[in-house]
Structure formats: C-alpha cells, structure tokens
Amino acid sequence: MCGIVGYVGSRPATAIVIDGLQHLEYRGYDSAGIAVLQDGAIHVRRDAGKLSNLIKLLAQQPIDGHLALGHTRWATHGKPNQQNAHPHSDASGEIVVVQNGIVENYRELRESLQAEGIDFRSETDTEVIVHLLALNYSAAGGLAEAVRKTLGYLKGPSAIVAMTSREPDRLVAARLGNAGGVAIGLGSGETFVASDIPAILEHTRRMIFLEDGQYAVITPAGAQIATLDGQPVAAEIHDIPWNPVSAAKGEYRHFMQKEIFEQARSITDTMRGRVDFDSGEMILEQLRLSRERARSFDRIVTVACGTSAYAGLVGEFLLEHIARIPTDVDYASEFRYRDPIIDERTLLLAITQSGETVDTLAAVEEARNKGAFVVSIVNAIGSQAARISDGVITMRCGPEIGVASTKAFTASVVDQYLLALALAQARDSIGPAHRRRLVDDLAHLPRLMGQVLDQSPAGNAVYLDLAERFHGYRNFLFLGRGINYPIALEGALKLKEISYIHAEGYPAGEMKHGPIALIDREMPVVAIAVQDSVYDKMISQIEQVKARHGIVIAIATEGDDFIASKADHVITVPKAPSLLTPVLSVLPLQRLAYEIAVWRGADVDQPRNLAKSVTVE
Ligand code: AGP
C-alpha cells in the first residue's frame, strides 16, 4: 500500500518527509518521490525502487524548504518507474499531488482531459487528479476548493494530499472511501500529514484522522477539517498512546523478529484493565453492547482476510464453546458476494489489524445495511473499521510494522476469548464456576508464551538447526486438527509470505483425501500434535506420513516423550488449557518461518508483492 508524508512548518522539510517515508517502508512499495517548495517554486525528485535510490538522488540534487510532500508507491496502474512515481505535477509545475487508492474512472477522465489538449506524462490513474486540480484552481479560487471540487469527479477510494507554489503555507488533504488512513499530526508551529501513525509519531502524539468524505487545510497553525459538501467538522484530537520506541526496531534485526518476541508483553497489554481477575468480570468499555442486545443474538459471523481470518477460525471454537453461540467465519472478500443471510439478530465480528482492509470494510458495510450489530477487533488507532462499527475491541499490541502479522494474530485470538467471556456473562451461557476457571486460565498465558519465546542460545538452537536443514525445500505441508487446524493455516501463510516457499495448511483429517499423494522426502510436514482431545489422531497422521518416507516436524507438549519416537524433529510448548493452546502453538511456527526466511536472505519485513494493509480489491 502507498505511503504518504507531508510537512508544513519552520523546520527543513526534506529530512522530515524522507524520515517519515522510511517509517512507512514496511507497507511495501516499488518507487518513491518528494516535492519541496524552494525559492518560490516546487522541485520534484522521484525514482524507481527503494527509498535509498531517492536519497541518493537527493544527495546529488538537493532540495529543501518548509513545505514538502513525499510518497512511496505500490504500483496499481503503470509500471514502477521514475515517471510513474508520485508526486505528479500539472503542466505548469505549480501544483503537485500524491495519492493512495485507485481512480476507477480514470480512463474516461484521461480521455476528456486529453481532448482538452492536456498532455499526460505517466501511465498512472493519479495524474488525472493533478490536471483536474489545475483546471479547477482558478475558478475555485484556491487549492482547498479545487480539491473539494476535484474529488467530485473521482470514483473509487482515494486518499490524496496536494500542494501548490501559489499557497506556500499549506497542504490540502482529502479522503474518499477506504484507501488507507490520513493522519494529521499537530505540532507546535508545524503540522504533519501521513498515511500511518509511525511516520510522524516522533514529532507529535496529537493526531486527527480524516474520515471518508472529508478534507483538511493543513497549515503550521493546525488543520481545518470539513466535509466535501463544505460543512465544517470539529474533528476529535487523539492522543496516541504508542511511544516512538515501540515503532522502532531496537536491537532486533527485523520488525517481525521484534514483534514475535514481544508477544508475552503485548498479550499482557491486550488483557490489562479488561479482565477483573477478582470478580471474573470482563470490562470491554468500547464494546457498547447492552445485555439485552447481547442476549438477542442467534448467530455470529466473522469476516476477515489472511491471518486475521485464521484468528477468526480459532475464535469460532472460543465463541461456540464459551458463549454457546453458533459462529461462522467467512473470507471478507467472499462474504458480500454471496448475499449473506444477516439480520439484527446477527453479531458481525470484523477482525482487522490495520482497520483499513478494503474487503473487510466492505463486508462490514454489507452487514450493517442488513441490520447486524458490528464489532471490530482492530489494532490501528483511528482506523476506518473502528469508526464504522457499533462496538470495538482494540488489540492494544502496539504498532505492527512487519508485513507478516504476528502479535496482532495472538492479540485478536485473546480478544475473541474476552468477547466470548463477555457474551457468556451477559447470556448466562455457562455456569459461574466454569466461567471463573476460563478467566483464571488467562492469568498464566503471558508466562507460558514467554517460555516459548525463549531467545537464549538454547532457545534459538532448534530453530536455527531446522532453518539450516529445511530452508532449501520448495514445498511444505502444515497439519492441524480441531482448534489447531487454523494454526496450520497460519503457519503455512507465515512461511509462504516471507520465505516464498510454497506451503499449504490442511485439516489433518483431510490428508488421506488427497494431499497424502504429495508426501515424500521432498515435502516436510509440520504437524501440530499437542496433548489435547485429538492427540491420538494426530499421532496416527504422523505415522501415515512416516510410512510414506515423509519428514515430520512436530509441535508437541512439553513432557511428551512418546512423540519423539514418531516425529523426526520436535518443538515443544508448555501444557495449557486446550482453548489457549493456539496462542502457544502458533509461536514456534512464527519463529520457524522467520529463521527460514532469514536463511534465504528474504526481505522479511517487506516481502515482495505484499502490503501491510490491502486497500485495493
Ligand atoms: C498476514 O501476515 C498478512 N500480512 C495478511 O494476510 C493480513 O493478515 C491481511 O491482509 C489482513 O490484514 P488486516 O488484519 O489489517 O485486515
């Protein structure tokens, strides 16, 4: 997804914008550029490839000033090259714009602009925006009004920021639909704009988040917000609780590595203040769900994508077992196309770390239109999902920078556990003693996770050994059963998305219905075989793999001496209540995927073709 950073104030702007873009590199991109107002004129520097190329270009051809706008582009229309990189300028070079999202009607706009004699210099959809701004500017009497009018021509989700040499003290930002966030940072005598919090967090924690259909005039004094039909908006100023350090790598080699190892702490943060371990009560203050409404639900439908969908599959077990409510999980990208049967007795649960995934947001809109009560489990503060939901449970795991989701996964599983307990409390689904036990089980979770996340040389040895042995294999099969079946899916996704090794997750019982044909010495099998109600079945699956000369890496329970006689390699996790084992059994799979990817020299934090938040369909 594209990254945007803008600055207006009294400090040198180039370094602030470039540093901000570096904090957004994790979002995935393939070209970068910056526009700076210097000596009354706008100067643009752009290049394909990584930000380092732009930094080199700036060293050769420096520009600086107090108004600047930068962008990292994830190509949708037009190859990743210099002329398609943002910012884009109008013919006069006096107006520039950057965009996140897609202009769905750009062809017809481009044709009508070309018919008026306007030359296009790029293959992008974005360029139509800057030419429309130029066309509207004089009649509109200024950039803000030109932006407001221009957005009226656009179809599709867009987040844009524009500047002009004619108005040296401002940027104008606007948001249309769900094309990723627009955060406005309020400094003293300076103001920032960015597509995500980490880009500007070191400068200010006071932020405003633009909503769909709003635009902002951004000056050193602050930001004036209005709707696109011209109504002023008194926007809420959020005080971001994250500190800049939590958005930095620290002593870790990659953000993903840091985020894997901080999960014992992040789970503690997820639970803090929400579980009254004395009374056993849940305190989910943003859920905004009345007891009466909670008792009215006859089903839960969970919608999410990728890792968040797999967290939802774990949650299905938690919600059915604890809250006793029938629960289905649907890929958000499929949900709205099957005309789902949803009504006011449905609880729609959306799980989304970024809160900006366009498929998940569209699924939420679909469910809202059919009367469902919508709860979002979200990590990113000020994101669209939180705004359009009836109730919110934040993951509180701090900024997740690595494209491959790790701590957000475990946080969203625990959030569903808390939701299930809150629903059980409201509906008297299970007895108080049973509920009490389930609450007590949570207290041990961070300690148990810490045991699996042992970073000592002894704790790392098994992963380094397995990475050395298996980094060259081209295919993996992950098998799990019951509540650990989704963990097999998640483990396969982790491996494939950062190491580019083909990996499939499968319900273990399905292996004999096809995948067993694949088993041979060239296809390692990771089997989650913790000591739970389906352990014996997993042992027989492992035997079936071994009988066909397969290689088995087992995730087992500490103290299980038997499994070593069955599997080739064993990684253990502490014994835990069955409903919480997924939070433990996923950790070795995250670590294994990470070490294999490092062995392969992969770009762990920014895997090719991937984005941290998918804001295009
Ligand atoms: C997970 O490692 C992937 N990066 C991806 O599947 C991600 O989980 C998915 O795009 C959903 O993102 P969200 O949670 O921000 O909605």
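Residues numbered from 1 in each chain as written. Predicted model: local features only at pLDDT ≥ 70, side-chain atom pairs only at ≥ 80, totals over all residues. Heavy atoms only, no water.

Caption draft 1: Highlighting the nonpolar core. Ranked by internal contacts, the top residues of the largest apolar core, which has 99 residues, are Ile322, Tyr417, Leu423, Leu442, Leu445, Phe476 and Phe478. No other element matches helix H13 (residues 407-427), which puts 14 residues into this core. Setting aside residues up to four positions removed in sequence, Ile322 forms contacts with Tyr417, Ala420, Leu421, Ala424, Ser429, Ile430, Leu438 and Leu579. Formed by 30 residues, the second largest nonpolar core is a distinct cluster that contains Val103, Val130, Leu154 and Ile160. (Core = buried A, V, L, I, M, F, W, Y, C linked by side-chain atoms within 4.5 Å. Buried < 20%, exposed > 50% of the residue type's maximum accessible area, 1.4 Å probe, protein only. Helix = DSSP H or I, 4+ residues; strand = E, 2+ residues; numbered from the N terminus. Contact = heavy atoms within 4.5 Å.)

Caption draft 2: Main features of unusual backbone geometry. That bond from His86 to Pro87 is cis: its omega, 0°, falls within 30 degrees of zero. Structurally, Pro87 can be placed in the loop between strand S4 (67-73) and strand S5 (88-89). Within the chain, Arg288 stands out as a residue other than glycine whose phi angle is a positive 50°.

Caption draft 3: The arrangement of the pattern of salt bridges in detail. In this structure the tally under the stated criterion is 32 salt bridges. Residue Asp269 pairs with Arg272 through a salt bridge whose shortest N-O separation is 2.6 Å. The class for Asp269 is buried, based on a relative accessible area of 17%. Each of Lys258, Glu262, Arg265, Asp269, Arg272 and Lys407 takes part in salt bridges that share partners, so that together they form one network. (Salt bridge = Lys/Arg side-chain N within 4 Å of Asp/Glu carboxyl O.)

Caption draft 4: Up close: the side chain of Glu595. Considering the arrangement of structural elements, one finds Glu595 in helix H19 (residues 581-599). In this structure Glu595 is buried but unpaired, with Arg591 as the nearest side chain of opposite charge at 5.7 Å. Non-local contacts of Glu595, meaning those with residues more than four positions away in its chain, are made with Tyr463, Leu464 and Ala467. (Lys, Arg positive; Asp, Glu negative; His and termini not counted.)

Caption draft 5: Quick peek at the side chain of Ser266. Summarising the element assignment, Ser266 is placed in helix H7 (residues 263-271). Ignoring any residue separated from it by four or fewer positions in sequence, one finds Ser266 in contact with Arg396, Cys397 and Lys407.

Caption draft 6: How the structure looks around the state of the cysteines. By the definition in use, this model includes zero disulfides. Cysteine Cys305 remains unbridged, with the sulfur of Cys397 as its closest cysteine sulfur at 17 Å. By relative accessible area, Cys305 is classed as partly exposed at 25%. (Disulfide = S-S within 2.5 Å.)

Caption draft 7: Structural view of the packing of helix H9 (residues 306-323) against helix H17 (residues 485-499). Direction vectors running N to C along H9 and H17 enclose 165°, while the axes themselves pass 8 Å from each other. Comparing their axes, H17 and H9 come out roughly antiparallel. In the crossing of H9 with H17, the sense of the turn from one axis to the other is left-handed. In contact with Gly306, Thr307, Tyr310, Leu313 and Val314 of H9, H17 contributes Pro486, Ile487, Leu489, Glu490, Leu493 and Lys494. (Axes fitted to C-alpha atoms, helices over the stretch in contact; angles between N-to-C directions. Parallel < 35°, antiparallel > 145°, perpendicular 65-115°, else oblique. Left-handed = near helix turned anticlockwise from the far one by under 90°.)

Caption draft 8: The arrangement of the environment of Ala426 in detail. Secondary-structure assignment places Ala426 in helix H13. According to the relative accessible area criterion, Ala426 is buried, its value standing at 12%. Taking the C-alpha atoms as reference points, Ala426 and Arg295, 131 residues apart in sequence, are found 6.7 Å from one another. The contacts of Ala426, once residues within four sequence positions are left out, are Arg291, Ala294 and Arg295.

Caption draft 9: Geometry of the pairing of strand S24 (residues 552-557). The element S24 is largely enclosed, with a buried count of six among its six residues. Side chains Val552, Ala554 and Ala556 project from S24 onto one buried face, and the interleaved Ile553, Ile555 and Thr557 project onto a second face that is buried too. Where strand S23 (residues 525-529) lies against S24, five bridges are found, and the strand directions are parallel. The residue bridging Ala527 from the neighbouring strand is Ala554, located in S24. In the classification by handedness, the crossover that spans S23, the intervening helix H18 (residues 535-546) and the parallel S24 is right-handed. Sheet topology places S24 next to strand S25 (residues 569-573); five bridges connect them, and they run parallel. Residue Ala554 lies in a different strand from S25, and its bridge partner there is Val570. (Pairing = 2+ DSSP bridges. Right-handed = clockwise from strand over helix to strand, strands pointing away.)

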